[in-house]
Amino acid sequence: MSTILVTGGTGTLGRPVCELLRADDHEVRVLSRHSPPYAVDLRHGGPLLDRAVDGADAVVHCSNILRGDREAARNLIEAARRAGVPHLLYISIVGVDRVPLGYYRTKYAVERMIQGSGIDWTLLRATQFHDLILQLLQGLAKPPVMLLPKDVRDQPLEVTEAAARLAELAAGPPVGRVEDMGGPEILTFAELARAYLRASGRRRRLVELPLPGRAYRGLRHGGHLAPDHAVGRATFDAFLARRFGGPEGTAGA
């Protein structure tokens with residue numbers, strides 16, 4: 001049995017990681033801003049962070065901080081170094097080194113910080129989770145017309161499958177960068193939107209628009225996809241059926 005600290009342990013990804021680790025009889029410490037006994041804002045660190053990492057056999061960094069991700073990683077790395085943590089595991093995003101989105105640049109910077117930390121590390125990159133795609137589509141469906149990025153595809157992955165891989169890696173030794181993890185299907189945003197509308201019973205007109213900029217060009221060229229690592233099994237339709245009820249159809253229909 002190992003002692004494993006999971007940052008962001010109450011989040012969409014962190015929660016199932018914690019559940020799987022506990023099921024394997026590991027001692028799990030959950031670090032989150034509002035979850036005692038380790039209620040820590042990683043952007044500020046402090047003595048409670050030092051207490052959280054002390055004696056940990058591994059730290060799984062699942063926190064997703066839109067503003068302050070680098071500061072959070074820096075504080076975590078420094079605390080882990082002080083405590084002599086032997087294994088730091090980070091989940092990142094496929095394409096962070098290919099698609100020039102600001103958020104991706106930050107994730108890539110955190111990757112490099114961890115790789116240069118002096119702590120033995122493991123890095124897993126995954127494609128976008130089903131939950132994120134659904135959240136994006138729900139926002140786009142608020143107006144009567146859904147405006148979609150033209151010629152952009154995605155490869156959504158079930159979050160529990162990523163959690164299972166992280167839990168497996170956390171229980172083992174540091175292995176550096178492992179193979180990317182992608183969902184089972186690559187679908188256009190129009191296909192994803194139609195699947196969402198069918199499942200939710202909503203009606204919207206779809207309009208695809210080309211967008212300016214290098215980030216859109218990177219997405220259109222599939223820099224965020226992992227076609228050679230489509231290891232996920234749960235499809236977007238299956239995810240929607242669980243979320244909204246109803247049969248599992250075909251997203252591209």
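As shown above, the structure is provided for reference.
The structure displayed is predicted, hence computed values, not measured ones.

Draft legend 1. Seen up close, the sheet that holds strand β2 (residues 27–31). Pairing is parallel in the open sheet, where six strands are placed in the order β2-β1-β3-β4-β5-β8. Of all the strands in the sheet, just β2 and β8 (176–177) have a single pairing partner and so form its edges. By the bridge criterion, two bridges tie strand β5 (residues 121–126) to β8 in an arrangement that is parallel. If you follow Thr122 over to β8, its bridge partner there is Gly176.

Draft legend 2. Highlighting a positive patch on the surface. Where like charges cluster on the molecular surface, the positive patch consists of Arg105, Arg214, Arg217 and Arg220. Of all the elements, helix α8 (residues 214–220) adds the most residues to the positive patch, at three residues. For Arg105, a relative accessible area of 42% corresponds to the partly exposed category.

Draft legend 3. Molecular detail of the packing of helix α5 (residues 130–140) against helix α7 (residues 189–200). Here α5 crosses α7 at 80 degrees, and the two axes come no closer than 10 Å. By the angle between their directions, the pair α5 and α7 is classed as roughly perpendicular. For the pair α5 and α7, contact is made by Ile133, Leu134, Leu136, Leu137 and Gln138 and by Phe189, Leu192, Ala193 and Tyr196, respectively. For the contact of α5 with α7, a count of residues per class yields eight nonpolar, one polar and no charged.

Draft legend 4. Structural context of the environment of Leu31. Residue placement: Leu31 occurs in strand β2. Those residues in contact with Leu31 that lie beyond four places of it in its chain are Leu5, Val6, Thr7, Gly8, Gly9, Tyr38, Val40, Leu42, Leu49 and Ala52.

Draft legend 5. Spatial organisation of the nonpolar core. One finds Val6, Leu13, Val17, Leu21, Val60, Phe129 and Leu166 to be the most contacted residues of the largest nonpolar core, which totals 26 residues. For this core, the elements supplying multiple residues, two or more each, are β1 (3–7), α1 (14–23), β2, β3 (58–61), β4 (88–93), β5 and α6 (159–170). Sort the elements by how many residues they give to this core and α6 lands first, with seven residues. For Val6, the residues in contact, after removing those within four places along its chain, are Gly14, Val17, Cys18, Leu21, Val28, Arg29, Val30, Leu31, Val60 and Cys62.

Draft legend 6. Examining a nonpolar patch on the surface more closely. Together, Leu147, Leu209 and Leu211 make up a nonpolar patch on the protein surface, roughly 250 Å² of accessible area in all. Relative to the helices and strands, Leu211 resides in the loop between β10 (205–209) and α8. Taking the relative accessible area as the measure of exposure, Leu211 reaches 45% and is therefore partly exposed.

Draft legend 7. Structural view of unusual backbone geometry. The residue after Pro36, namely Pro37, is reached through a cis peptide bond having omega 10 degrees. Along the chain, Pro37 falls in the loop between β2 and α2 (47–53). Even without being a glycine, Asp25 presents a positive backbone phi close to 70 degrees. Secondary-structure assignment places Asp25 in the loop between α1 and β2. Its identity is not glycine, yet Asp151 carries a phi of approximately 65 degrees, on the positive side. Relative to the helices and strands, Asp151 is located in the loop between β6 (145–149) and β7 (153–154).

Conventions we followed
- Sequence order sets the numbering: in each chain, residues are counted from 1 along the sequence as written.
- For this predicted model, a pLDDT threshold of at least 70 governs which residues receive local features, and a threshold of 80 or more governs which side-chain atom pairs are given and counted, while totals over whole chains, interfaces and linings are taken from all residues.
- The basis for every side-chain value is the complete set of non-hydrogen atoms in the structure, without hydrogens or water.
- The pairing criterion for strands is at least two bridges between them, as found by DSSP.
- A run of DSSP states H or I qualifies as a helix once it reaches four residues; a run of E qualifies as a strand once it reaches two. Both are numbered from the N-terminal end.
- Candidate patch residues must exceed 30% relative accessible area and have no salt bridge, after which like charges are joined if within 9 Å and Val, Leu, Ile, Met, Phe, Trp or Tyr side chains if within 5 Å.
- For accessible areas, the Shrake-Rupley method is used with a probe of radius 1.4 Å. Any residue's cover is judged against the shown protein chains and nothing else.
- Definition used for salt bridges: Asp or Glu carboxyl oxygen within 4 Å of a side-chain nitrogen of Lys or Arg.
- The charge count includes Lys and Arg as positive and Asp and Glu as negative, but it does not include His or the ends of the chains.
- Charge placement uses NZ in Lys and CZ in Arg. For Asp and Glu, CG and CD serve respectively.
- Only protein chains enter the area calculation, which uses a 1.4 Å probe; residues under 20% of their type maximum are buried, those over 50% are exposed, and those in between are partly exposed.
- All axes are obtained by fitting lines to C-alpha atoms, using only the stretch in contact for helices, and the reported angles, taken between N-to-C directions, cover 0 to 180 degrees.
- By definition in this entry, angles of less than 35 degrees are roughly parallel, angles greater than 145 are roughly antiparallel, angles of 65 to 115 are roughly perpendicular, and the rest are oblique.
- Working rule for contacts: check all heavy atoms of both residues, and any pair within 4.5 Å makes them a contact.
- Under the scheme applied, nonpolar residues are Ala, Val, Leu, Ile, Met, Phe, Trp, Tyr, Cys and Pro; charged residues are Asp, Glu, Lys and Arg; polar residues are all the others, including Gly.
- The nonpolar core is taken to be a set of buried Ala, Val, Leu, Ile, Met, Phe, Trp, Tyr and Cys residues, with the residues joined through side-chain atoms within 4.5 Å.

From the geometry alone we can't say anything about function, so treat these as descriptive.
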